Amino acid sequence: ACTLTARAIRSFDKSSAAKLRRTRQLVKQVLARDPAVVRALTLLAEVNARLSGAADGARLLDEGLGAAAKAVELAPKLAAAHWARAMVHDYAGRKDPAVTSYREAARLAPGQSDARVNLALLELAQGRLAETFAALDEAEALELAQRAAEELSDMVQSFLDVVRMESGSLKPERQRGDLCA
């Protein structure tokens, strides 16, 4: 099931309905073998939500919500499970349950801004401006913190490269990206 799950994850492409359907087939194969693979359940929920504009959209949303609910049941502390449930509710037009699930996803993954951005959009659609701005402020702060952490990481890596070059453990012609070579 792990190999098939990995194939499904690699095939996941949000931009193509054909690729989404292929991912859905792979995920369904995984779940036929082991219905408790949480990553497959969350992926099925997301794929079904994205495919819900098709003729059988209501059925896909129901199946996606069932998969997300099972993922939350199996892994209640996994933000991705709550994210999947929020996404299905959102695509189904169920704004209040979507808000609740996005809030839980944001609580469980405080370093991720995506749930907060989606939460802000839903809050805005419901006319709750204070909640919209609060979610956007949190998302912006996380984005800034992530960029600062990446810049700090680059600076540390550059410093380590200089130290290695000075100590002779890194030849000057090697580039930072080649350190694993």
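In this text, all values refer to a predicted model and were calculated from it rather than measured experimentally.

### Focus on the nonpolar core
Within the largest apolar cluster, 34 residues are counted, with the highest numbers of intra-cluster contacts made by V27, L31, A40, A45 and Y102. Every element with two or more residues in this core is listed here: helix 2 (17-33), helix 3 (38-50), helix 4 (57-74), helix 5 (79-91), helix 6 (95-108) and helix 7 (114-125). Here this core gets eight residues from one element, more than from any other, and that element is helix 3. If we skip the residues at most four places from it in the chain, A40 touches V27, V30 and L31.

### A short note on the confidence of the model for the chain
Chain-level pLDDT for the chain is 78 on average; 72% of the residues reach the 70-or-more range. Within the model, pLDDT remains below 50 along residues 172-181, and this stretch shows 11 contacts once partners closer than five positions in the same chain are excluded.

### Structural notes on the packing of helix 5 against helix 6
Where helix 5 meets helix 6, the closest approach of the two axes is 8 Å, and the angle between their N-to-C directions is 160°. In terms of axis orientation, helix 5 runs roughly antiparallel to helix 6. Note on packing geometry: the crossing formed by helix 5 with helix 6 is left-handed. On the side of helix 5, the interface is formed by A79, H82, W83, R85, A86, M87, H89 and D90, while helix 6 contributes K95, P97, A98, S101, Y102, E104, A105 and L108.

### Some details on helix 2
Here helix 2 contains 17 residues, and its C-alpha end-to-end distance of 25 Å stays within 8% of the 24 Å for a straight helix at 1.5 Å per residue. Taken residue by residue, helix 2 has L20, T23, R24, L26, V27, V30 and L31 as its buried positions.

### Comments concerning the environment of Q25
On the secondary structure map, Q25 appears in helix 2. For Q25, a relative accessible area of 47% translates into the label partly exposed. Each C-alpha atom, one on Q25 and one on L44, is 9.3 Å from the other, the two residues being 19 residues apart in sequence.

### Remarks on the packing of aromatic side chains
In total, this model carries one aromatic pair according to the counting rule given. Plain terms: the ring middles of W83 and Y102 are 5.3 Å apart, the flat faces sit at 70° to each other, and that makes the pair edge-to-face. With W83 in helix 5 and Y102 in helix 6, this pair connects stretches of sequence that are 19 residues apart. A relative accessible area of 22% places W83 in the partly exposed class.

Rules behind the numbers
- Residues numbered from 1 in each chain as written.
- Predicted model: local features only at pLDDT ≥ 70, side-chain atom pairs only at ≥ 80, totals over all residues.
- Heavy atoms only, no water.
- Core = buried A, V, L, I, M, F, W, Y, C linked by side-chain atoms within 4.5 Å.
- Buried < 20%, exposed > 50% of the residue type's maximum accessible area, 1.4 Å probe, protein only.
- Helix = DSSP H or I, 4+ residues; strand = E, 2+ residues; numbered from the N terminus.
- Contact = heavy atoms within 4.5 Å.
- pLDDT = per-residue confidence, 0-100.
- Axes fitted to C-alpha atoms, helices over the stretch in contact; angles between N-to-C directions.
- Parallel < 35°, antiparallel > 145°, perpendicular 65-115°, else oblique.
- Left-handed = near helix turned anticlockwise from the far one by under 90°.
- Expected span 1.5 Å × (residues − 1).
- Phe/Tyr/Trp six-rings, centres within 6.5 Å; stacked < 30°, edge-to-face > 60°.

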